[in-house]
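Residues per chain, in single letters:
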Amino acid sequence: MLCTGLLFPLNAKSQTATAEKPEAPLPLVLLITPTDPSASDDELFLAIQAQLSAAPLDLKRHRIPASASSMPPDNQASGQIVAVTGASMLFWVTGATEDECETVYFLPEGSDGTFVRRTLALQAGTESSRFEYIALAVAGMVEKFLVTRRLVPPPPKEPPPESTKPVAPKRKWSKIQLLAAYSGILMGKNDAQHGISAGLHWVPTPRMVIGMSYTPFFEYRNENDDLRLSITSRIAEVSIAVRMAEGPIDIQAGLAYDIDLRSFSTNAVSDTFQEEHNGVSVISALNPFLLATWAFSRYVGVYARIGVAVALNETTYQTSYDDVDSDMFSPLIFKLNWNFGAIIIF
């Protein structure tokens, strides 16, 4: 009784340790059958499965087109099946309903693999008895190969090594950008003003840009036989834009509000008009625009912007002679404008 009491805990401990150890995978053995097997093919597989139920292997069927299953594929095709399925052995059964039956076994050994063929003489009897006889013969051969050839499952495929190439970090745009550019605006059908623009962009979120700029334009002159009209615009602007694309090329769509402090003066060029006039007009406009920036280095880039300023109020410059008014210059309501310049990124 003392020996029994001592042996029992040791045996229980051994069983516990065995239970915790993960089971090794069983070798996979495949019966090759047609894609659309007949009832007799199914019955033969069940008979073989019953004979090998206690064997330490995993028996399954692998279906291929009927034209190819009538005889075993060559070494290359069989090797491809093994490579795809991970099988340790393939086998075929041909002529199971005839007087003579052939069983063929493919073992993935060496470089090309090995075929083993066996021929069985079948005696007259019921179909079930013939299948049982074939199943006994096949099970004997498979169990023989299991011992003599030491069938083991192929080693698991190792995952490809992780790339050691460093991934470039995503470029981060700073929150402050300074801009300087040449600016132009189409005042009339064939009349453009040119100037120099300076601006500041604040990027509070990755998708939003808030900007402000100031653009003094060079003097614009319009002259007829009697008068010379001189106009000088100074445009202050605030804008908000949405970044539609990020990266080395940054694309924005936005809307700006412009205030044009426009000074004008008239000078007589003939004796018809003697008086000179000076004044300032305040013109406001909404200016939808598109802007594209290319940052060719970490801190410096170039940009281009195009927009259409829609005047909310506009002034027509007229002359009056003998109580008759005539237009001298009428600025466009929709003014095409553009900027080409450099950007500094902080």
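Predicted, not measured: the structure shown is a model, and the values here were computed from it.

A.B. asks: Summarise the sheet that holds strand E1 (residues 28–34); cite the residues concerned and give the values.
C.D. replies: Strand pairing in a sheet relies on backbone hydrogen bonds. The paired strands run either parallel or antiparallel. Here five strands make up an open sheet; going across it, the order is E2-E1-E3-E4-E5 and the pairing mixed. Looking at the sheet topology across the chains shown, the edges are occupied by strand E2 (58–64) and strand E5 (114–121). Mean inter-strand twist for the sheet, computed between neighbouring axes without regard to direction, equals 25 degrees. Sheet analysis places E1 next to E2, joined by seven bridges and oriented parallel. Each bridged residue has a counterpart across the sheet, and for Val29 the counterpart in E2 is Leu59. Set on the sheet, helix H5 (residues 127–148) makes contact with strand E3 (89–94), strand E4 (100–107) and E5; between it and E4 the angle comes to about 20 degrees.

A.B. asks: Break down the packing of aromatic side chains for me, citing the residues and quoting the values.
C.D. replies: As enumerated under the stated definition, the model contains eight aromatic pairs in all. Ring centres of Phe106 and Phe115 lie 5.0 Å apart, and the angle between their planes is 55 degrees; this geometry places the pair in the tilted category. A relative accessible area of 23% means that Phe115 is categorised as partly exposed. A centroid spacing of 5.2 Å and a plane angle of 45 degrees characterise the contact between Tyr220 and Phe329, whose relative ring orientation is tilted. Here the residue Tyr220 occupies a position in strand E9 (residues 220–223), and Phe329 occupies one in strand E16 (residues 324–329), the gap between them amounting to 109 residues. One aromatic cluster is present, built from ring pairs that chain together Tyr220, Phe264, Tyr317 and Phe329. Directly above the aromatic system of Phe115 lies the positively charged group of Arg117, at a separation of 5.8 Å from the ring centroid. The ring of Phe289 has Arg305 lying over it, and the distance from NZ or CZ to the ring centre is 4.2 Å.

Rules of the game
Residues numbered from 1 in each chain as written. Predicted model: local features only at pLDDT ≥ 70, side-chain atom pairs only at ≥ 80, totals over all residues. Heavy atoms only, no water. Pairing = 2+ DSSP bridges. Helix = DSSP H or I, 4+ residues; strand = E, 2+ residues; numbered from the N terminus. Axes fitted to C-alpha atoms, helices over the stretch in contact; angles between N-to-C directions. Contact = heavy atoms within 4.5 Å. Phe/Tyr/Trp six-rings, centres within 6.5 Å; stacked < 30°, edge-to-face > 60°. Buried < 20%, exposed > 50% of the residue type's maximum accessible area, 1.4 Å probe, protein only. Lys NZ or Arg CZ within 6 Å of the ring centre and 35° of its normal.

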